[in-house]
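Summary of the model geometry
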Amino acid sequence: MQNRRNEQPGRTAEKTPTTPTAPAPKPGRTAGLLRGMKDILPVDQPYWRRVSETVQRLAETHRFERIDTPVLEEAWLFTRGVGKETDIVEKEMFQFVDRSGDSIALRPELTAPVARAYIEHGFVSQPQPVKLYYFCPLFRHDRPQAGRYRQFWQFGFEVIGETHPIIDAQLILIAYQLYQSFNLPVRIQINSIGDSTCRPLYLKALTDYYRSRKNALCEDCKKRLARNPLRLLDCKAEDCRALKVDAPQTVDHLCEDCKNHFVAVLEYLDELEVPYTLNPRIVRGLDYYTRTTFEIWPDDQPEGEPVQELGGGGRYDGLVEQLGGRPTPGIGFASGVERLISLWRERSDASVSGLPVPDVFIAQLGDPARKLCLKLLQALRQNNIIAADCLSKDGIKAQLEAADRIGAKYALIIGQKEIMDGTVLIRDMENGIQEVVDYQKAVVEVAKRLDRGRSNGKMATETTASDAAHSHE
Ligand code: AMP
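Quick caveat: nothing in here was measured; it's all calculated off a predicted structure.

What follows covers the site of the ligand. Taken together, 14 residues are adjacent to the ligand, and Arg140, Tyr149, Gln154, Arg284 and Leu310 come closest. Between the ligand and Gln154 there is a distance of 3.0 Å, counted from an oxygen atom to a side-chain nitrogen or oxygen. With the chains in place, 92% of the 480 Å² that the ligand exposes on its own is no longer accessible. Those elements giving two or more residues to the shell around the ligand turn out to be β6 (151-160) and β11 (330-336). By residue class, the composition of the shell around the ligand is 4 nonpolar, 4 polar and 6 charged.

Written out as structure tokens, the structure reads:
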């Protein structure tokens, strides 16, 4: 690999640590979240778990392997890979000089890090294409608003090392299926932005069109016209959106190879019955895209309203080479986890539960009973019986109320009498019927009532409970 460090402007210039000094916090202030950040609270976790499990299952079904890359990367990776003139690098990247004087960034996207890993770990010598997926947080110093955070999560799928258009269609199918598993109807918005053969001609046509309408453009787009005209089609400003309607379209300027590729992708999508709309405005904001570009939109996206797309991606046939590797094609997509969860919660009545309902609740009275309960809890859990407790509390009534509140099927009660007799009270929480059982047989008796002895093929043994009892004595 070539020595890319030398290419990084400013890398060696600054060797002194530059920790910016923030104003001293006001005395007596309360700790709070940073702007644009979000806690994922226990009530949210079941939703996150479901998404991550679904992504993993789908990835494995399609034979993708997981990759995790570091949160911090050289800033160069993104200025070079994603492009200096893109919003996520120019305006949104968390970038700083670390204590060794290196220019560092919190990753604002994952395709460039995955391409870096592909080069760095010699994936090129493995059978191609290499299919990788990720599920991780990213960072963009964006203006916080609904559905936009400065730390947010994406899952993404990347296929590196193959140009065939069937790969594009197979990848888009995964994006489609993922939303289907959450009963969220989506439609793929698809376009082709050509390659280095045809894009220059298209860019000329686009620049000519906008040059004569420059005064109507927003300030950002006036700059984009000279530096990165494709991004004019990405602009969300009202006036610029109106101008896009008559702008030249990439698909009318594709070279023969790009046209054939695009037509083939669409044919494969038809075959897979993935619903799509040809959308000439999907150019994506990043420099590395070539040929197929696409976004995932809710199917009921109202015409003409600003879109909060769920995800997007495209081909990046030049990226690996751009980062110092051999010429290697690739394609990928990324989807926002927060947006998926928020749409899913908005559209679905089904609540996803958190902790499983406990099989038993352990209630006790007095310190000697607490100690016995500690052992009993351990024995139950070793036998895969879900047991809850609040051993720090006093008062049987309050403990039974807690058992009721969390829906435990049985309560196991040890009070002074039970200690004297070497027994445990098993209370059926539904009908209130209580039975006295031998302490040493408590686990077996619970397993029997839960029908666990047979159902999981692993009989809860008497020994486990009696071990617990003996070790107490
Ligand atoms: P992008 O990498 O910009 O193409 O974004 C892909 C997806 O990530 C978007 O469709 C969103 O679902 C999600 N996303 C992007 N930026 C943010 C953000 N600031 N906050 C939350 N989700 C985001």
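Here the focus is a nonpolar patch on the surface. Nonpolar side chains collect at one region of the surface, where Val71, Leu72 and Phe96 lie side by side and expose about 230 Å² of accessible area between them. Along the chain, Phe96 falls in strand β3 (residues 95-97). Classification of Phe96 by relative accessible area gives partly exposed; the value is 37%.

Judged by pairing direction, the sheet is mixed, and its 5 strands sit side by side in the order β13-β12-β14-β15-β16 without closing on themselves. Among the strands making up the open sheet, the edge pair consists of β13 (387-389) and β16 (434-438). On average, each strand axis in the sheet is tilted by 30° relative to the strand beside it, whichever way the strands run. As defined by bridge partners, strand β12 (residues 360-364) adjoins strand β14 (residues 410-414) across 5 bridges and the pair is classed as parallel. Looking at the pairing, Val360 lines up with Tyr410 of β14. Packing of helix α12 (residues 367-382) onto the sheet brings it into contact with β12, β13, β14 and β15 (423-428), and relative to β12 it is tilted by some 165°. Packed onto the sheet, helix α15 (residues 442-449) meets β12, β14, β15 and β16 and runs at close to 135° relative to β16.

Basis of the calculations
- Residues numbered from 1 in each chain as written.
- Predicted model: local features only at pLDDT ≥ 70, side-chain atom pairs only at ≥ 80, totals over all residues.
- Heavy atoms only, no water.
- Near = heavy atom within 4 Å.
- Polar contact = N/O pair within 3.5 Å; in protein donor to acceptor, adjacent residues only side chain to side chain.
- Areas by Shrake-Rupley, 256 points an atom, 1.4 Å probe, with all protein chains shown as cover.
- Helix = DSSP H or I, 4+ residues; strand = E, 2+ residues; numbered from the N terminus.
- Nonpolar A, V, L, I, M, F, W, Y, C, P; charged D, E, K, R; others polar.
- Patch = residues over 30% accessible without salt bridge, like charges linked within 9 Å, V, L, I, M, F, W, Y side chains within 5 Å.
- Salt bridge = Lys/Arg side-chain N within 4 Å of Asp/Glu carboxyl O.
- Buried < 20%, exposed > 50% of the residue type's maximum accessible area, 1.4 Å probe, protein only.
- Pairing = 2+ DSSP bridges.
- Axes fitted to C-alpha atoms, helices over the stretch in contact; angles between N-to-C directions.
- Contact = heavy atoms within 4.5 Å.

These figures come from the coordinates and say nothing about function on their own.
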